[in-house]
Amino acid sequence: MMLRNAAGRRAVTTAATALSLALALSACSGTTKGSSDKESTKAEATAKADPGAALKKGLKLAFLPKQINNPYEKIVDDAGIEAAKEYGGTGKEVGPSDASASSQVSYINTLIQQRQDAILVAANDPNAVCGPLKQAMKKNIKVVAYDSDTAKECRQLFINQASSEEIGRSLVQHLGEQIGYKGKIAILSATQNATNQNTWIEFMKDELKLPKYKDMKLVKVAYGDDADQKSFQQTQGLMQAYPDLKGIISPTTVGIAAAARYLSDSSYKGKVVLNGLGTPNQMRKYVKDDTVEQFSLWNPEELGYLGSYAAAALASGQITGAEGEKFKAGKLGEYTIGKDGEVILGKPTVFDKKNIDKFDF
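Residues numbered from 1 in each chain as written. Predicted model: local features only at pLDDT ≥ 70, side-chain atom pairs only at ≥ 80, totals over all residues. Heavy atoms only, no water.

Visitor: Mind laying out the packing of aromatic side chains, listing which residues take part and the relevant values?
Guide: Applying the stated criterion to the full structure yields twelve aromatic pairs. The interplanar angle of 70° and the centroid separation of 5.9 Å between the aromatic rings of phenylalanine 63 and tyrosine 146 together place this pair among those described as edge-to-face. Taken together, the residues phenylalanine 63 in strand S1 (residues 60-64) and tyrosine 146 in strand S4 (residues 142-146) connect sequence positions 83 residues apart. Aromatic side chains tyrosine 87 and tyrosine 309 sit 5.0 Å apart centroid to centroid with 70° between the ring planes, which places their arrangement in the edge-to-face category. Taken together, the residues span a long stretch of sequence, with tyrosine 87 in the loop between helix H4 (71-86) and strand S2 (90-93) and tyrosine 309 in helix H12 (residues 300-315) at a distance of 222 residues. The exposure classification of tyrosine 87 matches that of tyrosine 309, with both residues buried. In this structure, lysine 331 packs its charged tip against the face of tyrosine 305, placed 5.0 Å from the ring centre. (Phe/Tyr/Trp six-rings, centres within 6.5 Å; stacked < 30°, edge-to-face > 60°. Helix = DSSP H or I, 4+ residues; strand = E, 2+ residues; numbered from the N terminus. Buried < 20%, exposed > 50% of the residue type's maximum accessible area, 1.4 Å probe, protein only. Lys NZ or Arg CZ within 6 Å of the ring centre and 35° of its normal.)

Visitor: Can you break down the nonpolar core residue by residue, with the values?
Guide: In terms of nonpolar packing, the biggest core is built from 80 residues, with Trp298 and Phe327 touching the most fellow members. Per element, the largest residue contribution to this core is ten residues, and it comes from H12. (Core = buried A, V, L, I, M, F, W, Y, C linked by side-chain atoms within 4.5 Å.)

Visitor: Quick one: what's the story with the state of the cysteines, residue by residue and with numbers?
Guide: Under the criterion given, the structure shown has one disulfide. Paired through a disulfide, cysteine 130 and cysteine 154 show a sulfur-sulfur distance of 1.9 Å. The disulfide joining cysteine 130 to cysteine 154 has a torsion of about 100° about its S-S bond and is therefore right-handed. Of the two residues, cysteine 130 sits in helix H6 (residues 130-138) while cysteine 154 sits in the loop between S4 and strand S5 (157-160), which places them 24 residues apart along the sequence. Neither cysteine 130 nor cysteine 154 differs from the other in exposure class; each is buried. (Disulfide = S-S within 2.5 Å.)

Visitor: Just give me the short version of the environment of glycine 89, but keep the residues and values in it.
Guide: Mapped onto the fold, glycine 89 is located in the loop between H4 and S2. Along the backbone, glycine 89 and lysine 60 are 29 residues apart, and their C-alpha atoms lie at a distance of 6.0 Å. With residues up to four places along the chain from it excluded, the contact list for glycine 89 reads Gly58, Leu59 and Ala84. (Contact = heavy atoms within 4.5 Å.)

Visitor: I'd like to hear about the environment of aspartate 225, residue by residue, with values.
Guide: Position of aspartate 225 among the secondary structure elements: in the loop between strand S7 (216-223) and helix H9 (228-241). Taking the C-alpha atoms as reference points, aspartate 225 and glycine 255, separated by 30 residues in sequence, lie 8.5 Å from one another. Those residues in contact with aspartate 225, other than ones at most four positions away along the chain, are Gln67, Ala99, Ser189, Ala190, Thr191 and Lys230. Separated by 2.7 Å, the side chains of aspartate 225 and lysine 230 make a polar contact. (Polar contact = N/O pair within 3.5 Å; in protein donor to acceptor, adjacent residues only side chain to side chain.)

Visitor: Provide a residue-level description of the sheet that holds strand S6 (residues 183-189), including the pertinent values.
Guide: Pairing is parallel in the open sheet, where four strands are placed in the order S7-S6-S8-S9. Each edge of the open sheet carries a strand with a single partner, namely S7 and strand S9 (273-276). Sheet twist, expressed as the mean angle between neighbouring strand axes with direction ignored, is 20°. By the bridge criterion, seven bridges tie S6 to S7 in an arrangement that is parallel. Bridging from a neighbouring strand, glycine 183 pairs with methionine 216 of S7. Helix-sheet contacts for helix H7 (residues 164-178) involve S6, S7, strand S8 (245-250) and S9, and the interaxial angle to S9 is about 160°. (Pairing = 2+ DSSP bridges. Axes fitted to C-alpha atoms, helices over the stretch in contact; angles between N-to-C directions.)

And the structure:
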């Protein structure tokens, strides 16, 4: 296995001068047991960006979604894979069929063995994937989190759909307006460990502390595990437990579609307000039959496209992930890296009867 950076080569060469010429040649051709993790970490930390560097040809990118059968993440990943073709790279999607905390670990290990140039991961759990992702970075495989972040030390960049605070607060603001700022509400989330969901929910709870929400009460946070049938059952359970519920926020595309399906065929249709995050194609019929008045989302194709170009910029040395660095993301234009390696796609769009037919994803 060839050494992946100059710092590592210098360290090995220095150690080898005290040994025989044969050993020195051997050491320069591969990583030995004496090559420490500290060397790789130091090289990574001291790497300098070369904004003028061209995107490398033949880059290999792998997208690892929360679960392979999630229709929303399929849109994101397919767009990222298509984007790779624009700069002469290749991409693929791999992942588990369930969204459990540790389900992604074995896939990361396999991608490391395959020597991918970059791994893009939507984390099911911020910490469960950290061990193997750190190993990937030590081998100079770039790591980009998207949609749902890992712990900060386990990746170089996080491609965020929109400001987490803006998403969380806006969902409460929209629902509050719809129910006249009065009544019991619930949240139907994905998994209990999902980084993005939990961050949004914290901002929702903080928004609810404001005086104008004094007559609104959050009675339950339910978890559908991003599984359609479980999310449907959780919605049913919420209505059985709280028949006077006024509104549900579901910040997950699987959850909001399942909740809409339940409400559309129940006596609660038109009485319980459902808001959250969904795609136009899955929610169109529920908007048109008045089950749902409005919902929000960013463009998932643009999220995947941006993630792909960000990973390519990292792998090509244009950026290192430091705050203030800039890179070009093809047709989306230039982006600037923010605090803690965060890159924000943009503001979410609110969909309703007036505009939903203008979108197809």
